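Here is what each chain is made of, one letter per residue.
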Amino acid sequence: MVQEQKNERKKTILSGIQSSGDITVGHYAGAIRNWAALQHQYECFFMTADLHALTVRQEPVALRKRTLDVIAMYIACGIDPESSVLFVQSHVSAHAELAWILNCFTGVGECSRMTQFKEKSQQHNENVNVGLFAYPILMAADILLYQADLVPVGDDQKQHIELTRNLAERFNFHYSPTFTVPEPFIPPVGARIMSLQEPTKKMSKSDENQKNVIFLSDSDDVIAGKIRRAVTDSGTEISYSVEKRPGISNLITLYGVATGMSFAAIEEAFSGKTYSEFKSGTADAVINLIAPIRGRFTQLRSEPGELESLMKTGAEAAAARARRTLSKVYKKVGLTERPR
Ligand code: TRP
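Note that this is a predicted model, so its numbers are computed, not measured.

A. Structural view of the packing of helix 11 (residues 246-259) against helix 13 (residues 275-301). Interaxial distance between helix 11 and helix 13 falls to 9 Å at its minimum, and their mutual angle equals 35 degrees. For helix 11 against helix 13, the interelement crossing comes out left-handed. Together, Ile 248, Leu 251, Ile 252, Leu 254, Tyr 255, Ala 258 and Thr 259 of helix 11 and Tyr 275, Phe 278, Lys 279, Gly 281, Thr 282, Ala 285, Val 286 and Leu 289 of helix 13 make up the contact between the two elements.

B. Quick look at the packing of helix 4 (residues 60-76) against helix 13. Remark: helix 4 packs on helix 13, axes separated minimally by 9 Å, with the N-to-C direction vectors making an angle of 130 degrees. In terms of their interaxial angle, helix 4 and helix 13 are classed as oblique. The chirality of how helix 4 crosses helix 13 is right-handed. For the pair helix 4 and helix 13, the contacting residues are Lys 65, Leu 68, Asp 69, Ala 72, Met 73, Ile 75 and Ala 76 in the first and Ile 293, Arg 296, Phe 297, Leu 300 and Arg 301 in the second.

C. The arrangement of the pattern of salt bridges in detail. In total, this model carries 15 salt bridges according to the counting rule given. With a closest N to O distance of 3.4 Å, Asp 156 and Lys 202 form a salt bridge. One end of the pair, Asp 156, is in the loop between strand 4 (150-152) and helix 9 (158-174); the other, Lys 202, is in the loop between strand 5 (183-185) and helix 10 (220-228), and 46 residues separate them in sequence. Classification of Asp 156 by relative accessible area gives partly exposed; the value is 43%. For Lys 201, the salt bridge goes to Asp 207, with nearest N and O atoms at 3.5 Å. In this structure Asp 207 comes out as buried when scored by relative accessible area, which is 12%. Where salt bridges share partners, they join Lys 65, Asp 69 and Arg 301 into one cluster.

D. Broad picture of helix 4. Between its first and last C-alpha atoms helix 4 spans 24 Å; for 17 residues at 1.5 Å apiece the expected length is 24 Å, and the two agree. Among the residues making up helix 4, those that are buried are Leu 63, Arg 66, Thr 67, Asp 69, Val 70, Ile 71, Ala 72, Met 73, Tyr 74, Ile 75 and Ala 76. Immediately beyond the C-terminal end of helix 4, within one or two residues, lies Gly 78, with a positive phi of roughly 110 degrees.

E. Highlighting the site of the ligand. Close to the ligand lie 14 residues; Met 47, Tyr 135, Met 139, Asp 142 and Gln 157 are nearest. One of the side-chain N or O atoms of Asp 142 is found 2.7 Å from a nitrogen atom in the ligand. Gln 157 is positioned such that a nitrogen or oxygen atom in its side chain is 3.0 Å from a nitrogen atom of the ligand. The protein chains hide 89% of the 360 Å² of surface that the ligand would expose on its own. Within the residue set of the shell around the ligand, elements represented by two or more residues are strand 1 (12-18), strand 2 (43-49) and helix 8 (130-145).

Cut-offs used in this document
- Along every chain, residues carry numbers that run from 1 in the direction the sequence is written.
- Two thresholds apply to this predicted model, a pLDDT of at least 70 for residue-level local features and 80 or more for giving and counting side-chain atom pairs, whereas whole-chain, interface and lining totals are computed over all residues.
- The side-chain values count all of the structure's non-hydrogen atoms but skip hydrogen atoms and water molecules.
- Axis geometry follows a simple rule: fit a line to the C-alpha atoms, using only the stretch in contact for helices, then measure angles between N-to-C directions, giving values from 0 to 180 degrees.
- Helix and strand labels come from DSSP, where a helix needs a run of H or I of at least four residues and a strand needs a run of E of at least two; each type is numbered from the N terminus.
- Each helix crossing is assigned a hand: it is left-handed if the near helix lies turned anticlockwise from the far helix by less than a right angle, otherwise right-handed if that turn is clockwise.
- Every residue pair with non-hydrogen atoms within 4.5 Å of one another is taken to be in contact.
- Oblique is the label for any angle not covered by the other classes, which are roughly parallel (under 35 degrees), roughly antiparallel (over 145) and roughly perpendicular (65 to 115).
- The rule for a salt bridge is simple: a side-chain nitrogen of Lys or Arg has to be within 4 Å of a carboxyl oxygen of Asp or Glu.
- Buried, partly exposed and exposed residues are distinguished by accessible area as a fraction of the type maximum, computed with a 1.4 Å probe on protein chains only: under 20%, between the cut-offs, and over 50%, respectively.
- To estimate the expected span of a helix, count its residues, drop one, and scale the result by 1.5 Å.
- Whether a residue is near a molecule or strand depends on its heavy atoms: if one lies within 4 Å, it is near.
- Two N or O atoms count as a polar contact when they lie within 3.5 Å, although within protein this holds only if one can serve as hydrogen donor and the other as acceptor, and sequence-adjacent residues are included solely when both atoms are side-chain atoms.
- Residue-level accessible areas treat just the shown protein chains as cover; the underlying method is Shrake-Rupley with a 1.4 Å probe.

Quick look at the structure:
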C-alpha cells in the first residue's frame, strides 16, 4: 500500500496570467488563491505569459515591470516557490519553439473560430497581427510542454483548452503518444468578480475605467473609495441574486472571498443594514485581505536580487521539464539532432 502510494505520480498543473496589466482582486478570487490551495497536492507550474502580452501593443518598460510584478504577486498571495515552479514564459525558449511546430499542425479555420480572437480583433482592429491569431497555439505549447494533466482556467479560456486537446490528440495519433491530453480544471471554490461600475461584465485588468477594478497593489484608501462608489441596485435588500441585484451580489462575492464567509452568513450579518453600511463592511474586509498581500509584494519588489534568483531557479526547473518534451517532438517530426 505504502509502496503503491509512493509510485503514484502527482498530477501536473500548469497555469498562467498574461502580464498585460496589474493583478486584480478578480485574479486572486478566480485563480491565484486556488492555485495556492492546489500546490501541495499537485506538481504545479505557474508562469507569467509575457509572450502572450505582446499580441497587443505594450510599452516595453511597463511590460518588463509588470512581468516581475506578477511573479512577486504570486508569491505574495501564498504560492510557495519551494513547492511550485514559478517562471516567466519568455525565459524558457521551448515555448516559442514548440509553438512553431504546433503552428504547422493547426488549421487556419480552427484559429479563426476562437471567440477570444474574434473579440480581440474587433477591440484592436488597428493591429490584428498573426500573434493574436496564433495566441491559442502558444497557449497549447505552454500546456503540452509540461505534460500538464489539469489546467485551471476561467470559462473564457475553455475553448483554448479544447484546441489544446485537439492538437495533442492529433499529434499523438499522427506519430505516437507524446503529449498528455489535458483537462480544464474548474476549482471547487471559484468566484467571479465583476466590474464595480458595470457589474454584468467581468472585472478586467485592462479596463480603461480604473474605478471598475481593484488591484492588489491599491492602497487602503483607494480600495475604500472604489467600493464606496461601486454601483449598487435600486432597492435596499442585501441578498444574493445576480439577475435582480448584480451590484450587491458582486459585493457579497467580494466579501465572501475576503472573509471566507458563506453568502448566507453574510446576508444574515447584514440583514436590516443599509447599502452604505454594507459597503463600508466590504471595504474593511477587502482591505484586511489585500493589505498584507500588498505588504509582502512591496517587500519582495524592494529586493530585486532575491526575486531574480527565484526566477532563475524557476526558469531552470521549467526548462528541464520542457526540454524533455521538446526533444521528443523534434525527433518525431524529423528534425535532425542538434550536434553536440
Ligand atoms: N490565455 C490565458 C488568459 O488570458 C493566460 C495563459 C497563457 C494561460 N498561457 C496559459 C492559462 C496556459 C493557462 C495555461 O487567461
